[in-house]
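These are the residues of each chain, in order.
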Amino acid sequence: MDVVTIVIAAIVGVAIGILSGMLGIGGGTVMVPVFKLGFGMSAIGATATSLFAIIPTAISGSITHVKQKTCIPKLGILAGVGGACFSPAGVWLASQSPGWLIMLAAAIVIGYSSFTMFKKAAKLPKRNGATVEAASQKADAPVAPSTVDDHEIDSRKLWLGLPIGMVAGLIAGYVGVGGGFLMVPLFLSVLGVDMKRASGSSLLAIAILSTPGAITQIALGNVAIAIAIAAVVGSVPGAVLGARLAKRIPERELRFLFGGVLLFAAVMLVLQEVGLL
């Protein structure tokens, strides 16, 4: 592995880390296309390396969110535990699948999440360049985002984090992403959590659910360790910065940014699989 490749991986890691901290994703939705298209990895190699690299990124970002109180720890833990039980199953399914099917699955789930996020963002009115939290409350659920915590979410709704995490874990293991692309929209629509806390809770869940899948991928020899470590070196500080920026960015703009990142990733994967890249 040459030095230039390692340096590029680290620089890419910084950008991915910033997006991860802001948007509550592990960064896999960006890492998988980058590893596949930019570094020429196989489908299983790209997903495996991504799954390994997102763990430190998610940990650093979630710690910052917890400190800033832009996270619901109990929700993140429930979703993370549910996902941890199913992510190895996703890895096993990926090992039995052709590369094109893995990439197609990734493009579909990422594209759908992008559509969902744009739809949610469009419902939020823009006022003097920023979206007020009250607008977020109206668009998503009858929960006041500025005061949501473990005790203010209905306990039955809070436990929905477990099955949400299970589904996210299965998909995460299969397509090599943290599952934030699925958890964040569901936390918003099903649980009525605001975007900032949905992002923080998602990162905490990702840090937990990705670990068993990553260990399985390492055991199978699918992880490009050098590139993954280089990406982590950049993504960890980037995630801390992104988590801090998330507190300053208006809700509506944050959702549009999330949707845009996901749409770009999905389009790139499709173009690559049909031979246009």
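Let me sum up the structure you'll find in this document. (Residues numbered from 1 in each chain as written. Predicted model: local features only at pLDDT ≥ 70, side-chain atom pairs only at ≥ 80, totals over all residues. Heavy atoms only, no water.)

### A short note on the overall build of the chain
Along the chain, the regular secondary structure elements total twelve helices and zero strands. Across the chain, helices and strands are ordered from the amino to the carboxyl terminus as α-α-α-α-α-α-α-α-α-α-α-α. Residue burial in the chain is summarised as follows: out of 277 residues, 55% are buried. Put simply, 84% of the contacts in the chain that link residues at least 6 apart link residues at least 24 apart. With the model as given, the accessible surface of the chain reaches about 11,000 Å², and the carbon-plus-sulfur share is 71%. (Helix = DSSP H or I, 4+ residues; strand = E, 2+ residues; numbered from the N terminus. Buried < 20%, exposed > 50% of the residue type's maximum accessible area, 1.4 Å probe, protein only. Contact = heavy atoms within 4.5 Å. Areas by Shrake-Rupley, 256 points an atom, 1.4 Å probe, with all protein chains shown as cover.)

### Quick word on the packing of helix α5 (residues 99–122) against helix α9 (residues 180–189)
Axis separation between α5 and α9 bottoms out at 9 Å; the angle between their running directions is 30°. Judged on the interaxial angle alone, α9 and α5 are roughly parallel. Once α5 is placed against α9, the crossing between them reads as left-handed. Contacts between α5 and α9 involve Val109, Ser113, Thr116, Met117 and Lys120 on the former and, on the latter, Phe181, Leu182, Val184, Pro185, Leu188 and Ser189. Of the residues assigned to the contact of α5 with α9, the class counts are seven nonpolar, three polar and one charged. (Axes fitted to C-alpha atoms, helices over the stretch in contact; angles between N-to-C directions. Parallel < 35°, antiparallel > 145°, perpendicular 65-115°, else oblique. Left-handed = near helix turned anticlockwise from the far one by under 90°. Nonpolar A, V, L, I, M, F, W, Y, C, P; charged D, E, K, R; others polar.)

### Section: helix α3 (residues 43–67)
The terminal C-alpha atoms of α3, which comprises 25 residues, lie 36 Å apart, in line with the 36 Å expected from a rise of 1.5 Å per residue. Where α3 bends most, the angle comes to about 30°, and this point is isoleucine 54, followed within four residues by the proline proline 56. Within α3, 18 of the 25 residues are buried, which leaves the element mostly enclosed by the surrounding structure. Where α3 ends, the next residue or the one after it, lysine 69, has phi of about 60°, a positive value. (Expected span 1.5 Å × (residues − 1). Bend = angle between axes of the 7 residues up to and from the residue.)

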